[in-house]
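Analysis of the macromolecular model
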Amino acid sequence: MVTRVGIVMGSQSDWPTMREAADVLDALQVPYEAKIVSAHRTPQRMADYAESAAGRGLHVIIAGAGGAAHLPGMLAAMTRVPVLGVPVQSKALSGVDSLHSIVQMPKGVPVGTLAIGPAGAANAGLLAAAILANTDEKLAERLTAWRAAQTAAVPDEPRDE
Ligand code: RP5
C-alpha cells in the first residue's frame with residue numbers, strides 16, 4: 001500500500017507523544033512513515049521533506065513539536081499537502097508555548113491544530129484517517145467500526161474503581 005501519511009516530529013523526545021498518532025493509524029491499518037525533522041536543528045532535512053512530500057504521494061502530514069514549535073508552520077509554508085499540527089507538552093510551559101506557536105498561523109498558510117499532548121496526537125491520527133477515508137471506502141468502514149467500538153466501550157453508569 002502507498003504511504004499517504006507522514007508523521008514528523010522535532011525531536012526523539014516527541015516520539016512518546018507522536019506514537020499516539022502512529023498507534024491510531026496502526027489500528028486503522030493506515031500505512032505511515034515516521035521521521036525526526038527539526039525546523040531548528042535540521043532545517044535542510046525539513047525543507048527536503050516538505051518539498052518532496054506531494055511528489056512522494058503524501059496526502060497528510062502530522063507534525064508534532066514542542067516549545068518554539070515552528071515545524072508545522074514551516075512545513076505548511078513549503079508544501080500544499082495539508083499539515084496537522086500537534087503541540088507537544090513542554091516542560092517549561094506545559095505546551096501552551098507549543099500551542100500558541102502552532103495555532104497562530106497568519107492568514108494564507110493554514111495548519112490544522114490539535115490539542116496539546118497525547119490526545120492531540122491521537123486525534124491527529126484519527127483526522128488523517130478521516131481525510132483519507134473520503135476516497136477509501138474500506139478505510140471508511142474501518143473508521144466507522146473504530147468509532148462504534150469506542151462508543152460501545154463507554155459504560156452507562158460509573159463504578160468505584
Ligand atoms: C522541539 O524542542 C522538539 O519538538 C521538542 O519538543 C523540543 C525539545 O527537544 P529536545 O531538547 O528534547 O530534543 O524542537
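Residues numbered from 1 in each chain as written. Predicted model: local features only at pLDDT ≥ 70, side-chain atom pairs only at ≥ 80, totals over all residues.

1. Things to note about the overall build of the chain
- Along the chain, the regular secondary structure elements total six helices and five strands.
- The linear arrangement of helices and strands in the chain, starting from the amino end, is β-α-β-α-β-α-β-α-β-α-α.
- The C-alpha radius of gyration of the chain comes to 16 Å, within 12% of the 15 Å expected for a compact globule of 161 residues.
- Its C-alpha atoms give the chain principal-axis dimensions of roughly 50 × 40 × 30 Å. (Helix = DSSP H or I, 4+ residues; strand = E, 2+ residues; numbered from the N terminus. Rg over C-alpha atoms; globule rule 2.2 N^0.38 Å.)

2. Some details on the sheet that holds strand β2 (residues 32–36)
- A sheet is described by the order of its strands in space; here five strands give the open sequence β2-β1-β3-β4-β5, paired in parallel fashion. Every other strand in the sheet has two partners, leaving β2 and β5 (112–113) as the edge strands with one partner each.
- Pairing geometry for strand β1 (residues 5–9) and β2, over five bridges, is parallel. Bridge pairing in β2 places Ile7 opposite Ala34.
- Along the sheet, helix α1 (residues 15–27) contacts β1, β2, β3 (60–66) and β4 (83–88); its crossing angle with β1, the most-contacted strand, is approximately 170°.
- Helix α4 (residues 96–103) contacts β3, β4 and β5 of the sheet and is inclined by roughly 160° relative to β4. (Pairing = 2+ DSSP bridges. Contact = placed C-beta atoms within 7 Å. Axes fitted to C-alpha atoms, helices over the stretch in contact; angles between N-to-C directions.)

3. Some remarks on the packing of helix α5 (residues 118–133) against helix α6 (residues 137–152)
- Running from N to C, α5 and α6 point in directions that differ by 140°, and their axes come no closer than 8 Å. The angle between α5 and α6 places the two elements in the oblique class. Remark: the crossing between α5 and α6 carries left-handed chirality. Judged by residue contacts, Ala129, Ala130, Leu132 and Ala133 of α5 engage Leu139, Ala140 and Leu143 from α6.
- Looking at the contact of α5 with α6 residue by residue, the class counts come to seven nonpolar, no polar and no charged. (Parallel < 35°, antiparallel > 145°, perpendicular 65-115°, else oblique. Left-handed = near helix turned anticlockwise from the far one by under 90°. Nonpolar A, V, L, I, M, F, W, Y, C, P; charged D, E, K, R; others polar.)

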